[in-house]
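# A structural walkthrough
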Amino acid sequence: WATSSKIIGLPTKRRDAEAWMIAGMASALPALIVNSFLFPLILPSGLSDSTEMALTAAISAPIGEEIFKLLAVCLFLSSIRNPKKGFQVGFTVGLGFAISENFGYLFSSYIGGGFTGLFITSLIRGIGSIPGHAVWTSFSGAALGWWVSDPNNKAKIIFLIQSFSSKSMICELKCLNSLARKSFI
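Residues numbered from 1 in each chain as written. Predicted model: local features only at pLDDT ≥ 70, side-chain atom pairs only at ≥ 80, totals over all residues. Heavy atoms only, no water.

Our next topic: the packing of aromatic side chains. Tallied over the entire structure, the rule returns two aromatic pairs. A ring pair is formed by phenylalanine 87 and phenylalanine 91, whose centres lie 6.2 Å apart and whose planes are at 25°; its orientation type is stacked. Separated by four residues within a single helix, phenylalanine 87 and phenylalanine 91 lie in helix α4 (residues 83–148), roughly one turn from each other. You can call phenylalanine 87 partly exposed: its relative accessible area is 37%. On the basis of relative accessible area, phenylalanine 91 is assigned to the partly exposed category, the value being 31%. Considering the side-chain rings of tryptophan 136 and phenylalanine 139, the 5.6 Å spacing of their centres and the 85° angle between planes classify their relative orientation as edge-to-face. (Phe/Tyr/Trp six-rings, centres within 6.5 Å; stacked < 30°, edge-to-face > 60°. Helix = DSSP H or I, 4+ residues; strand = E, 2+ residues; numbered from the N terminus. Buried < 20%, exposed > 50% of the residue type's maximum accessible area, 1.4 Å probe, protein only.)

This is the structure we're talking about:
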């Protein structure tokens, strides 16, 4: 992020960058749940294990992972003002996602194949997964930054954030409580 500040001209606080990375790491958990547990439930019964794995890799993994990474980027909408900043946030979220996902793959490959399995998986995942997740999520972040840079869309986002904020939810619950009390009286 020092490079982002000096070369690209995006001043970045270490705390912000760490938050983006942690959000990316956390977004791997719901993706894992969808890929490992929910998607297999909707597949027709009787499929072979290899067919099920192929369908998960081709359908569930790309769609589910990108959705959860984009949701992690959306957590930082207030700091995304343009495509450049969205790219930066998305890139960092993607790196965080890759850390979590690769840790799982490396652990299971070491258990199943020892040091050789660990080495081969590290090589393959290091070449493809780490830059892949960072780049794809940076595209999502840049697109979100482009969309947010339009004042009309910014107003929509502010409205949505205020609609779902904790204060508005508490007010709505209080209003519902008072209505419920009045209907019983």
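Applying the stated criterion across every chain, the model contains four salt bridges. Across the pair arginine 15 and aspartate 16 runs a salt bridge, and its minimum N-O distance is 3.9 Å. For aspartate 16, a relative accessible area of 27% puts it in the partly exposed group. Close ionic contact of lysine 69 with glutamate 66 constitutes a salt bridge, the shortest N to O distance being 2.8 Å. Here lysine 69 pairs with glutamate 66, and both are found in helix α3 (residues 49–74), just three residues apart, close to one helical turn. What makes glutamate 66 partly exposed here is its relative accessible area of 25%. (Salt bridge = Lys/Arg side-chain N within 4 Å of Asp/Glu carboxyl O.)

A few words now on the confidence of the model for the protein. Low-confidence regions, as indicated by low pLDDT, have predicted coordinates that should not be scrutinised in detail. For the protein, per-residue confidence averages 85 on the pLDDT scale, and residues scoring 70 or more make up 85% of the total. Looking across the protein, the model is least confident in helix α6 (residues 166–184), with a mean pLDDT of 56, and most confident in helix α2 (residues 14–42), with 92. (pLDDT = per-residue confidence, 0-100.)

Moving on to the nonpolar core. Trp20, Val73, Val89, Val93 and Leu144 are the most contacted members of the largest nonpolar core, which has 13 residues in total. Every element with two or more residues in this core is listed here: α2, α3 and α4. Looking at this core element by element, the count peaks at four residues for α4. With near-sequence residues (within four places) excluded, valine 73 lies in contact with Ile80, Val89, Gly90, Val93, Thr137, Gly141 and Leu144. (Core = buried A, V, L, I, M, F, W, Y, C linked by side-chain atoms within 4.5 Å. Contact = heavy atoms within 4.5 Å.)

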